[in-house]
Every structure is written in structure tokens, then in C-alpha cells.
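Below, each chain spelled out in residue letters.
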Amino acid sequence: HDKFFKETFSDKSTAIDFFKQTFPADLSNNINFATLDFDQNSYIDEELKEYFSDIVYNCIYKSDTSLKIALLFEHKSFVPEYPHLQLFKYLLKIWEANLKQDKKLIPVIPIIFYHGKERWEIIPFCNYFKGIDETLKHFIPGINYLLTDLSSFSDEELMNGIFNNITTKISSLLMKNIFDEEKLLQNLVDFLNIGALYFKEEKGLKFLEAVIRYILSNINEFGIETVKKAVEQISVEGVKTVMTIAESLIQKGKIEGIKEGEEKGKIEGKIEAAKNLLHILDDETISKTLSIPLDQVKQLRQNDTL
């Protein structure tokens, strides 16, 4: 999901279409989208990596105000309990970077892109603090963000009403339906048909490859033939890509399965060795010698004495 999201929205034309159609009018009308420039930096640290990945653009607001637009992909696919806390940490990372570069603090528009099944409701940060009055609310920071919750749109809206750009339409439809394999495969021809002409161009074929890889990475092997038939109706070149990627993913799965089996065998071997050493060595020595967690060794000893 993360890779497909980044591939899609790192394209400037796709990003501009997305921003224009989802921003409030008073914001969108004052941004000079001709100045939109991809920020090569990511402001996600190890802690935030658990929640988001980011794509950041720089641009000019009105005539002379520098602005950052941070598109944050919520990749757990469920609504976090306190999104404002993660957002606040993220914004601090950007402003700390401003100071390190001896720059003025730059305003940031954070956008959360969410494609889980559960509806996401924006709750003001101060509402999380129960029983406070208006006086105390003055001391609660306002942490605002824009939200694109794909579950709030119908497929028809995404196909015909929200976006203008082909890549934005198709990407949104796929990410919205990716967790419902049966529905995705049933509607795949309609989704891909949006880009029938675009897929004849070099840039379109590259996007189609990303689309195929994303779909095949999220369905079981039995769906490959359905994907092949759907793509066949849209692009001859795309069919070759389907089979190439499918073979690659199947082979990768086999290799990972072999590695997983080997690793499982090693672990089982260590456990058997630990059992044999229980009457000879203490728990700490067994743990260090065989690189087994101490708790696991103690559990083996406890089972041995039952």
C-alpha cells in the first residue's frame, strides 16, 4: 500500500489534482500550484513510521508566503485513537528542520490519506480533554488537519465526480476496494477502463505496471487469471506485465516460504537442544548459548518439572 501510494502521489499532476479537489476553496484558490515542488525530505522518524509515511510538497501561498503541504498516508488502515499527537510530533520535526537550516518557520498543511473500512471522524483536539471549561481550552493547542477518507466516497463518485486526473481516479478506487478482493476483481474492468487511452502512452504503461503490481500483491493466486482477463480488455502490453509480475511474486513467495521453513526448523532445533541442557546448565547460560529468550527457557523448565 505504502509503495503504491508514494508512486502515485509523487507525480506532480496527480498531486495537484488531488489537492485542488480536496482542499477548501479559500485554501485552494490562494495556492500557486505552478510553484509546487517535490520536497526530497521525509520528516517521519522511527516512532512515527509506525503510523504514517509522507510525501511533502513546497509551494507559494498567495504571492510570497512559503508553504509546505504534507500528505500523510495512514498505513495501519484503521483509525488511531489520538491522531493529533502523531501529527503534532510530525509538525515539530518539520519546524525543527526549519531552525536547523536557519530558516523561518514555514506553515504546514497536513493531510491524512486513509483507506480503511472504518469511518474516520475528525474530532477537535480539545474534545479529548473531558470536563474542561473555556478558560482551560485556551491552553490546549489547536492541531488541525485535512482528511481524505476513501470510505466516505462511493465508487461512482470516485470514477465520475471527485477527481479529474486518470491516475487519481484509478488509484483511489483501487485503494478504497483493495481489502475486498471479490468486489475489486468484479469491478476491475470498469476501474481500468478509465485509463484505456492513457495506458497506450509510455507514462500510462508505467502507471499500469504499478497498478498491476499493487493488485497482484494483495490478492491470492486464484485471482491472477481474473486480473489477466481484465487487463487484456484494456491493454495488450499490460497482459505481458501481468504474467511477468505474477511469476515474480509467486517465485518470491516460494523463496520466502522456504526461508520461513528453514527458520522454523532452526528454532525447533534450538528448543530441543535447550530441553537437553535443562539438567546440566542454568537458565541464563542456556539462553545465552542458544540465543533463546530467557523467558522461553524458564517456560521450558517449568514444563519439564510438571
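Structure: above.
The structure presented is a predicted model; accordingly, all values stated were derived computationally and were not measured. (Residues numbered from 1 in each chain as written. Predicted model: local features only at pLDDT ≥ 70, side-chain atom pairs only at ≥ 80, totals over all residues. Heavy atoms only, no water.)

Caption draft 1: Helix α4 (residues 83-100), seen in detail. With 18 residues, α4 should cover 26 Å at 1.5 Å per step; its first-to-last C-alpha distance of 26 Å lies within 8% of that length. Inspection of α4 places Pro83, His84, Gln86, Leu87, Tyr90, Leu91, Ile94, Ala97 and Asn98 among the buried residues, and these make up the whole buried set. For α4, the buried positions fall inside an angular range of 165° around the axis, keeping them on one side. Exposed positions of α4 whose direction lies more than 90 degrees from the buried face are Leu99 and Lys100. The elements touched by buried residues of α4 are β2 (52-61), β3 (65-74) and β4 (108-114). With its phi angle positive at about 55°, aspartate 102 sits one or two positions after the end of α4. (Helix = DSSP H or I, 4+ residues; strand = E, 2+ residues; numbered from the N terminus. Expected span 1.5 Å × (residues − 1). Buried < 20%, exposed > 50% of the residue type's maximum accessible area, 1.4 Å probe, protein only. Arc of directions from axis to C-beta. Contact = heavy atoms within 4.5 Å.)

Caption draft 2: Spatial organisation of the environment of aspartate 304. With respect to the secondary-structure elements, aspartate 304 resides in helix α13 (residues 294-305). Residues aspartate 304 and histidine 279, 25 residues apart in the sequence, show an inter-C-alpha distance of 9.8 Å. What aspartate 304 contacts, discounting residues up to four positions off in sequence, is Leu278 and His279.

Caption draft 3: The environment of glutamate 232, seen in detail. One can find glutamate 232 in helix α10 (residues 224-232). As a C-alpha pair, glutamate 232 and valine 189 span 43 residues in sequence and 9.3 Å in three-dimensional space.

Caption draft 4: Fine view of the nonpolar core. Of all hydrophobic cores here, the largest spans 57 residues; its most connected members are Phe19, Ile69, Phe113, Leu174, Leu216 and Val227. Ranked by size, the runner-up nonpolar core spans 20 residues in total, among them Leu48, Val56, Ala70 and Ile143. (Core = buried A, V, L, I, M, F, W, Y, C linked by side-chain atoms within 4.5 Å.)

Caption draft 5: Region of the structure containing the packing of aromatic side chains. In this structure the tally under the stated criterion is 22 aromatic pairs. Ring geometry for phenylalanine 5 and phenylalanine 113: centres 5.4 Å apart, planes at 45°, overall tilted. One end of the pair, phenylalanine 5, is in helix α1 (residues 2-9); the other, phenylalanine 113, is in strand β4, and 108 residues separate them in sequence. Classification of phenylalanine 5 as buried rests on a relative accessible area of 0%. Exposure remark for phenylalanine 113: the relative accessible area of 0% places this residue in the buried category. Between tyrosine 43 and tyrosine 90 the ring centres are 6.5 Å apart and the planes differ by 90°, which places this aromatic pair in the edge-to-face class. Residue tyrosine 43 is found in the loop between β1 (31-39) and β2, and its partner tyrosine 90 is found in helix α4; the two are separated by 47 residues along the sequence. Side by side, tyrosine 43 and tyrosine 90 carry an identical accessibility label, which is buried. Linked through ring pairs, Phe5, Phe9, Phe18, Phe19, Phe23, Phe38, Tyr57, Phe73, Phe113 and Phe163 together constitute an aromatic cluster. (Phe/Tyr/Trp six-rings, centres within 6.5 Å; stacked < 30°, edge-to-face > 60°.)

Caption draft 6: Representation of the pairing of β4. With seven of seven residues buried, β4 lies mostly within the body of the structure. With burial as the criterion, each face of β4 is covered, one bearing Val108, Pro110, Ile112 and Tyr114 and the other bearing Ile109, Ile111 and Phe113. Note that β3 and β4 share six bridges and pair parallel. Bridging from a neighbouring strand, phenylalanine 73 pairs with phenylalanine 113 of β4. With α4 bridging β3 and its parallel neighbour β4, the resulting β-α-β unit is right-handed. (Pairing = 2+ DSSP bridges. Right-handed = clockwise from strand over helix to strand, strands pointing away.)

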